[in-house]
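# Fold and geometry: a report
Residue strings, one per chain:
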Amino acid sequence: MSTYTSIDPFIKEPKIAYFSMEIGLKNEIKTYSGGLGVLAGDTIKSAADLRLPMVAVSLLTKRGFFKQELDPFGRQKELPDEWNPANFMVRLADRITVGIESRDVQIAPWLYVVESATGGKLPVIFLDTDLPDNAPEDREITLCLYGGDATYRLKQEIVLGIGGTRVLEQLGFEIKKYHMNEGHSSLLTLELLKRYKKNIEDVWDERLVWDVDKVRGLCVFTTHTPVEAGHDKFPYELAEKTLTDSDVIPMRVIKEFSGQSSLNMTILGINLSNYINGVAKKHGEVSKGMFPGYEIHAITNGVHSFTWTCDSFKRLYDKYLPGWANEPEIFVRVGRIPDEELWGAHMEAKKGLIDFVNRETQAGMNYDTMTIGFARRATAYKRADLLLSDPERLARIGEGRIQIIYAGKAHPKDEAGKDLIQRIVEIGERLKDRVKIVFIQNYDMDKALKLISGVDVWLNTPMRPHEASGTSGMKATHNGVPNFSVLDGWWIEGHIENYTGWAIGPSPDVPADPARDADDLYYKLESTIIPTFYSDKKIWIRIMENAIGKNAYYFNTHRMMRLYVTEAYIR
Ligand SMILES: *Cc1c(COP(=O)(O)O)cnc(C)c1O
């Protein structure tokens, strides 16, 4: 429980405001659904460790995303995932209002403080509309993460972008940069346009009253998806009905910035930011193709090293690489760790995972079999079933030699994602006497840490170029677990064949060939990965070491935040 009940200690110096629809700080604060939220949480933790002047803003989604359960047929069911904010944070007395559907909606800020071992303290403001003075439907606006229809989503984005900006002002923050983590918070640019409107009369062109350069100078936009459907768009008819705040700029002006055909949150955000970036080098290039004419940079994602290192590796690093958690560059000295101790730390994590899996599933997995892990959102482009595409071949290669652990939630409306989960469960049942395949229900941050540290190989098989970055593979490398992955997102930068891990399919500069990916996956598993694991432990441990010294060394949010500071925040 945070001891801070007042905002006063935090408003003394100008801040970078980091806006994100979801934030995953810890498992019990269920304001996250997956990769985007966990990245936001890791960003905030590194900012606190590095004592950056930052304040973060998100929604207080008290009902969470959802709790996943599978029925006997392997079909996903979604249950509410309630949590109690008062156990972690304090509701401040301040209130601001924003006009939605011609009603005044009140917003209350909650204060959570991330406290770093370095002494850094970073306030996180969670916005809440569940107040007695609000209409019943408005009380629900900040309840569910990614729930409801387009209207519900737009209301949430009004609360986040416009409400969040007003809350910061009301609380007394002076903001020198607004960082939009994805387009959900892009409406904040409208609030800034209004705030910095030029005080001139009789202008011949109305556009001249909007101080676009001023707003751009204040804004940074990070895009996270190379998939067109991943960008939020709202019909203007809906926007006119919903965004009724009397203080907001006229819709015809908004259209100048957010596209003529629909209110496109990405277009709005990038038109009003003077630093725009993708989340890996390749994703930066792909984004340039999607948004021609814009200067788009790339800052490759990372993970928070301390959060994503399991206990046995923390002890190992504390012994041989002291200072690693606040200076992950120290991983470059990984060679100082004796092989037996590295392997010992890995086996400790692996035993913890296998015991957990056996308790959850009664699968009877064992400690010595090579274990492959795959866990992330279940959605078509991630191709969770690529490894299962030829069950007979998998069984021939893997019988007695591999066991496989799956996890991941499908978005409630993603039927294809739910089909994927069901297929994994069905094939697991079919192959159970030859290759053990389990699906662990209700993937979350705690299970993620168990999985990424306890398996021997971390698998990722996205359809290129749909994986903007991917971060779970970076988490694995912090625990000496090598990646076996399609060359997309971060892995294009992290991969050195047979050295940091292994690639699946062709190199990133030749066209993707999805049909051959499965063949390549099976071939490499059989000819290289399984034989190395069982017959050449020395080489295997060298690869584990390189995962730490070459991958974790770089793919962490400390390095990422230093880049945001020098490339985006202080420009
Ligand atoms: C890290 C993480 C993710 C992101 O995994 P990707 O491989 O990047 O898709 C999703 N969910 C949880 C709970 C995580 O911890």
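Nothing here was measured: the structure is a model prediction, and the numbers come from that model.

### Describing the packing of aromatic side chains
The final tally for this structure, using the stated rule, is 19 aromatic pairs. What links up through ring pairs into an aromatic cluster is the set Phe-306, Phe-313, Tyr-317, Trp-324 and Phe-331. Lying across the ring of Phe-533, Lys-537 places its NZ or CZ 4.1 Å from the centre.

### Quick notes on the environment of Val-510
On the secondary structure map, Val-510 appears in the loop between β20 (501–504) and α17 (514–535). Note on Val-510: relative accessible area 37%, which makes it partly exposed. Linking Val-510 and Leu-143, residues 367 residues apart in sequence, is a C-alpha distance of 45 Å.

### What about helix α19 (residues 557–569)?
Between its first and last C-alpha, α19 extends only 15 Å over 13 residues, short of the 18 Å set by a 1.5 Å rise per residue. The set of residues buried in α19 consists of Thr-557, His-558, Arg-559, Met-560, Met-561, Tyr-564, Val-565, Ala-568 and Tyr-569. Those residues of α19 that are buried lie in contact with β1 (15–20), α1 (35–49), β2 (54–59), β9 (175–181), β10 (219–222) and β13 (275–278). The N-cap of α19, judged by a side-chain oxygen 3.3 Å from the amide nitrogen of His-558 a few residues on, is Asn-556.

### Points about the domain arrangement of the chain
Segmenting the chain into domains produces domain 1 (14–302 + 560–569) and domain 2 (349–551). Each of domain 1 and domain 2 has a C-alpha centre, and the two are 33 Å apart. Between domain 1 and domain 2, the contact holds 34 residues from the first and 33 residues from the second. Regarding the contact of domain 1 and domain 2, the summed buried area is about 2700 Å², with carbon and sulfur atoms giving 55% of it. Broken down residue by residue, the surface that domain 1 buries against domain 2 is led by Gln-68, Arg-75 and Lys-282, which jointly contribute 23%. Counting across the domain 1 and domain 2 interface gives four salt bridges. In this structure, Glu-415 engages Arg-75 in a salt bridge whose closest nitrogen and oxygen atoms are separated by 2.8 Å. The tally of links from domain 1 across to domain 2 stands at 18 residue pairs in polar contact (both at pLDDT 80 or more). Looking at the side of domain 1 that touches domain 2, the elements that each hand over two or more residues are α1, β3 (67–70), β4 (76–79) and α9 (281–290). When the residues that make up the side of domain 1 that touches domain 2 are grouped by side-chain class, the tally is 13 nonpolar, 12 polar and nine charged.

### A closer look at the side chain of Thr-369
Inspection of the secondary structure puts Thr-369 in the loop between α11 (339–361) and β15 (370–375). At 2.7 Å, the side chain of Thr-369 and the side chain of Asn-366 are in polar contact. Once you skip the residues sitting within four places of it in the chain, Thr-369 turns out to touch Lys-350, Arg-401, Ile-402, Gln-403, Asp-456, Phe-533 and Tyr-534.

### A few points about the pairing of strand β6 (residues 96–100)
Burial within β6 is extensive, with four of its five residues counted as buried. Pairing of β6 with strand β7 (residues 103–115) involves five bridges; the strand directions are antiparallel. Residue pairing across strands places Gly-99 opposite Asp-104, the latter belonging to β7. Connecting the antiparallel pair β6 and β7 is a turn made up of two residues, with Glu-101 showing a positive phi of about 50°.

### Section: the sheet that holds strand β16 (residues 402–407)
Across a sheet, paired strands are connected by hydrogen bonds in the backbone, their directions being either parallel or antiparallel. Read from one edge of the open sheet, six strands run β17-β16-β15-β18-β19-β20, paired in parallel fashion. Lying at the two open borders of the sheet, with one neighbouring strand each, are β17 (436–440) and β20. With direction set aside, neighbouring strand axes in the sheet form an average angle of 20°. Pairing analysis gives six bridges linking β15 to β16, with the strands arranged parallel. Bridge pairing links Ala-375 to Ala-407 in β16. Contacts from α17 reach β15, β16, β18 (457–460), β19 (483–486) and β20, with the element oriented near 165° to β20.

### Re helix α4 (residues 188–195)
Since the α-helix packs 3.6 residues into each turn, any two residues three or four apart lie on the same face. Most of α4 sits inside the fold, with six of its eight residues counted as buried. Of the residues making up α4, those classed as buried are Leu-188, Thr-189, Leu-190, Glu-191, Leu-192 and Leu-193.

### Observations concerning the packing of α11 against helix α18 (residues 537–552)
Running from N to C, α11 and α18 point in directions that differ by 75°, and their axes come no closer than 10 Å. Overall, the two elements α11 and α18 adopt an arrangement that is roughly perpendicular. Contact residues: Asp-339, Leu-342, Trp-343 and His-346 in α11; Lys-537, Lys-538, Trp-540, Ile-541, Arg-542, Met-544, Glu-545 and Ile-548 in α18. In the contact of α11 with α18, the residues fall into six nonpolar, one polar and five charged.

Thresholds applied
- Just so you know, the residues in each chain are numbered from 1, in the order the chain's sequence is written.
- Per-residue local features of the predicted model are confined to residues with pLDDT of at least 70, and side-chain atom pairs are confined, for both listing and counting, to 80 or more; whole-chain, interface and lining totals are unaffected and use all residues.
- Heavy atoms from the whole structure form the basis of all side-chain values; hydrogens and water molecules are not counted.
- Pairing of aromatic rings covers Phe, Tyr and Trp, the last counted by its six-membered ring, and requires centre-to-centre distances within 6.5 Å; plane angles under 30 degrees mean stacked, over 60 mean edge-to-face, and any other angle means tilted.
- Geometrically, a lysine NZ or arginine CZ counts as sitting over a ring once it is within 6 Å of the ring centre and also within 35 degrees of the ring normal.
- Runs of E in the DSSP output that reach at least two residues are strands. Runs of H or I that reach at least four are helices, and both are numbered from the N terminus.
- Buried, partly exposed and exposed residues are distinguished by accessible area as a fraction of the type maximum, computed with a 1.4 Å probe on protein chains only: under 20%, between the cut-offs, and over 50%, respectively.
- Working rule for helices: expected span equals 1.5 Å times residues minus one.
- Should any heavy atoms of two residues lie within 4.5 Å, those residues are counted as being in contact.
- Polar contact is defined as a pair of N or O atoms within 3.5 Å, subject to the rule that within protein one atom must be able to donate a hydrogen and the other to accept it, and that residues adjacent in sequence are counted only when both atoms are side-chain atoms.
- Start and end points for every domain follow an automatic or database-based domain assignment.
- Here the quantity called buried area is the total loss of accessible area, with a 1.4 Å probe, experienced by two parts when brought into contact, counted for both.
- Whenever Lys or Arg places a side-chain nitrogen within 4 Å of a carboxyl oxygen from Asp or Glu, that contact is recorded as a salt bridge.
- Gly counts as polar in this scheme, as do all residues outside two lists: the nonpolar Ala, Val, Leu, Ile, Met, Phe, Trp, Tyr, Cys and Pro, and the charged Asp, Glu, Lys and Arg.
- We call two strands paired when DSSP finds no fewer than two bridges between them.
- Note on geometry: axes are lines fitted to C-alpha atoms, helical ones only across the stretch in contact, with angles between N-to-C directions running from 0 to 180 degrees.
- Oblique is the label for any angle not under 35 degrees, not over 145, and not in the 65 to 115 range, which are roughly parallel, roughly antiparallel and roughly perpendicular in turn.

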